[in-house]
Amino acid sequence: MKQIFIVANWKANNILVKEWVERFEVQIANLDSLNNKKVIICPPFTLLSELRFLIHQRNLELQLGAQNISSFTPGPYTGEETAEMIKEFVQYVIIGHSERRAMGETEKGIDAKLKEAKKANIIPMLCVSKLEEIEAQHTNLQNDKRILVAFEPLQAIGSGNPDTPEHANDFAISVRKIVGDERNVLYGGSVKGDNVNLFTAQENINGVLVGGASLKADSFIEIIKNS
Ligand code: PGA
C-alpha cells in the first residue's frame, strides 16, 4: 500500500488551535486507523508551540511542519526564523510555495532554504507549478531523496477549480523521470473531501497539500477519510 501524505497549510490564518484540535480529536476517533496516511499540519510560526503541546497532550497522530524558513543560518537577521530555531517543533517545512514566489522568492533563495532544511534534518516539501522549477533545484533534489515535491498549478490554488487528476498524474510522472521513481509527489490546489480520492487514486500521486479546506477540522477530516 503506498504512503499517502495529507498536509494542511493554514497559511496566514489565525486559527483557534484548541477548538480545532478538540474537534479533530472527536472526529478522528470515528476513523478506524490512519494506516498508510501521514497527516502533517503546517500552522503559522506563532501557533507551532501551542499546537505541539496539544498534539502531545492528546497523543494525536499528527506531525508538524512550518510554512517557510529563513535562507540564513542563525545570526543577526531581524524577523527571520531559521531552520535551526524551528527544528525542535517541526519535522517538515514547505519551501517555494507559489504565494511566496509571488512575493519575490527566487530559485537562489529556495536553494539556500533547501540546504538549511537539510542541515537541520527537516524534510522539505518543495512546491512547484512547472517542471522548470524542478530543474532549477535538481542538485538539491538529487542530494536529498526525502524532499517531497508538491505540484500546485497556479490557477488551481484557492480557486475552487482543481487540476484534472490525470494531468496531475502526468506531471508527477515527469517529475519522477527527472528526479527518480521513488520520489513522493503530492498534488495541491482546491482539494476537498469530494475530490481528494480522485488524486490519491492516481498511481504517481502520494498525497495532497490542502489550504482552504484544512482551516476547519471537519472538512479536513473529510479529506483524510476519503483519501
Ligand atoms: P487551496 O490551497 O487548497 O486553498 O487551493 C492549496 C495551497 O496553496 O497549498
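This structure is a prediction, so every number in the text was calculated from the model and none was measured. Numbers given to residues run from 1 along each chain, matching the order in which its sequence is written. Owing to the predicted nature of the model, reporting of local features is limited to residues with pLDDT of at least 70; listing and counting of side-chain atom pairs is limited to 80 or more, with chain, interface and lining totals taken over all residues. The side-chain numbers reported here are obtained from all heavy atoms of the structure, hydrogens and water having been left aside.

Trainee: What is the right way to read the nonpolar core from this model?
Mentor: Among soluble globular proteins, nonpolar side chains are generally buried collectively. Of all hydrophobic cores here, the largest spans 62 residues; its most connected members are Trp10, Trp20, Phe24, Ile41 and Phe220. In this structure, Trp10 is in contact with Ile15, Val17, Trp20, Ile41, Cys42, Pro43, Pro44, Leu47, Leu51, Gln67, Ser214 and Leu215, ignoring residues within four places of it in sequence. For our purposes a nonpolar core is just a set of buried Ala, Val, Leu, Ile, Met, Phe, Trp, Tyr and Cys residues, chained together by side-chain atoms within 4.5 Å. Note on exposure labels: buried denotes an accessible area under 20% of the residue type's maximum, exposed denotes more than 50%, and partly exposed covers the range between, all computed with a 1.4 Å probe on protein chains only. Grouped together as the second largest cluster of nonpolar side chains are 13 residues, Ile40, Cys42, Tyr92 and Leu148 included. Contact criterion: two residues are considered in contact whenever any of their non-hydrogen atoms come within 4.5 Å of each other.

Trainee: I'm lost on the site of the ligand in this one. Help?
Mentor: Looking at the ligand, there are 13 residues lining it, with Lys11, His97, Glu152, Gly158 and Ser190 nearest. In the analysis that follows, any N or O atom pair within 3.5 Å is treated as a polar contact, provided that within protein one partner can donate a hydrogen and the other can accept it, and provided that, for residues neighboring in sequence, both atoms belong to side chains. Within the side chain of Glu152, one N or O atom sits 2.7 Å away from an oxygen atom of the ligand. Ser190 places a polar main-chain atom, nitrogen or oxygen, 2.7 Å from an oxygen atom of the ligand. To be clear on the numbers: accessible area is Shrake-Rupley with a 1.4 Å probe, and residue cover counts the displayed protein chains and nothing else. Considered on its own, the ligand offers 280 Å² of accessible surface; in the complex 95% of this is hidden by protein. The pocket and cavity definitions rest on a 1 Å grid over protein atoms only: a 1.4 Å probe that fits but cannot leave marks a cavity, an open set with protein on both sides within 12 Å along at least five of seven lines marks a pocket, and residues lining either have an atom within 4 Å of a point. In this description, a molecule resides in a pocket or cavity if more than half of its atoms sit within 2 Å of the grid points defining it. Spatially, the ligand is embedded in the second largest pocket. Partitioned by chemical class, the residues of the shell around the ligand number four nonpolar, seven polar and two charged. If a single non-hydrogen atom of a residue is within 4 Å of a molecule or strand, that residue counts as near it. Ten residues, namely Ala, Val, Leu, Ile, Met, Phe, Trp, Tyr, Cys and Pro, are considered nonpolar, four, namely Asp, Glu, Lys and Arg, are considered charged, and the remaining ones, Gly among them, are considered polar.

Trainee: Looking at this model, I keep getting lost on the pattern of salt bridges. Mind explaining?
Mentor: Side-chain pairs of opposite charge can arise whenever the charged atoms involved come near each other. By salt bridge we mean one thing: a side-chain nitrogen of Lys or Arg within 4 Å of a carboxyl oxygen of Asp or Glu. All chains considered together, the criterion is met by 16 salt bridges. In this structure, Glu25 engages Arg58 in a salt bridge whose closest nitrogen and oxygen atoms are separated by 2.9 Å. Here Glu25 is found in helix α1 (residues 17-28), whereas its partner Arg58 is found in helix α2 (residues 45-58), with 33 residues between them in sequence. Residue Arg58 is classed as partly exposed on the basis of its relative accessible area, which comes to 21%. In DSSP terms, a helix is any run of H or I states spanning at least four residues, a strand is any run of E spanning at least two, and both are numbered starting from the N terminus.

Trainee: So what exactly am I meant to see when it comes to unusual backbone geometry here?
Mentor: Excluding glycine, residues mostly have negative phi values, and the peptide bonds linking residues are mostly trans. For Asn35, which is not glycine, the phi dihedral falls at a positive 45°. Relative to the helices and strands, Asn35 is located in the loop between α1 and β2 (37-42). Even without glycine at this site, Asn121 takes up a positive phi of about 65°. The topology assignment puts Asn121 in the loop between α5 (107-119) and β5 (123-128).

Trainee: Would you mind going over the sheet that holds strand β6 (residues 148-151) with me for this structure?
Mentor: Hydrogen bonds along the backbone pair up the strands of a sheet, which may run parallel or antiparallel. Note on pairing: two strands pair once DSSP finds at least 2 bridges between them. Taking strand neighbours around the barrel as the criterion, the eight strands line up as β1-β2-β3-β4-β5-β6-β7-β8 in a closed arrangement whose pairing is parallel. The mean inter-strand angle of the sheet, taken between neighbouring strand axes irrespective of direction, is 25°. Every axis in this analysis is a line fitted to C-alpha atoms, fitted for helices over the stretch in contact. Angles between the N-to-C directions lie between 0 and 180 degrees. Helix-sheet contacts for α2 involve β2 and β3 (63-66), and the interaxial angle to β3 is about 175°.

Trainee: Help me understand the pairing of strand β4 (residues 92-95), please; the structure alone is not making it clear to me.
Mentor: The two faces of a sheet get side chains in turn, since along a regular strand they alternate between them. Of the two faces of β4, the one holding Tyr92 and Ile94 and the one holding Val93 and Ile95 are both buried throughout. The pairing of β3 with β4 spans two bridges and is parallel. Counted as the bridge partner of Ala66 is Val93 from β4. Examined bridge by bridge, β4 and β5 share four bridges and lie parallel to one another. Its bridge partner being in β5, Tyr92 is matched across the sheet by Ile123.

Trainee: What should I look at first to understand the packing of aromatic side chains in this one?
Mentor: Given two aromatic rings, their pairing is described by the distance between the two centres and the angle made by the two planes. To pair, rings of Phe, Tyr and Trp, with the six-membered ring standing in for Trp, must have centres within 6.5 Å; the planes then decide the type, stacked if under 30 degrees apart, edge-to-face if over 60, and tilted in the middle. Scanning the entire structure with this criterion turns up seven aromatic pairs. Considering the side-chain rings of Phe151 and Phe171, the 3.8 Å spacing of their centres and the 10° angle between planes classify their relative orientation as stacked. Residue Phe151 is found in strand β6, and its partner Phe171 is found in helix α8 (residues 165-179); the two are separated by 20 residues along the sequence. As far as burial versus exposure is concerned, Phe151 and Phe171 are alike and both buried.

Trainee: Help me out: how do you make sense of the side chain of Arg101 in this one?
Mentor: When you line up the elements, Arg101 lands in helix α4 (residues 98-102). When its relative accessible area of 16% is taken as the criterion, Arg101 is described as buried. Beyond its immediate chain neighbours, meaning those up to four positions away, Arg101 contacts Gly96, Glu107, Ile110, Leu126, Cys127, Val128 and Glu133.

Trainee: When you look at the layout of surface pockets in this model, what are you seeing that I'm missing?
Mentor: By volume, the largest pocket is sized at about 270 Å³. Considering the residues around the largest pocket, the lining is formed by 13 residues, among which Lys11, Ala12, Gln67, Arg100 and Met103 are closest to the centre. Grid points are joined across faces, edges and corners, and a volume is the space filled by probe spheres set on the points. Within this model, the second largest pocket holds a volume of roughly 200 Å³. Tallied by class, the residues present in the lining of the second largest pocket amount to five nonpolar, ten polar and three charged.

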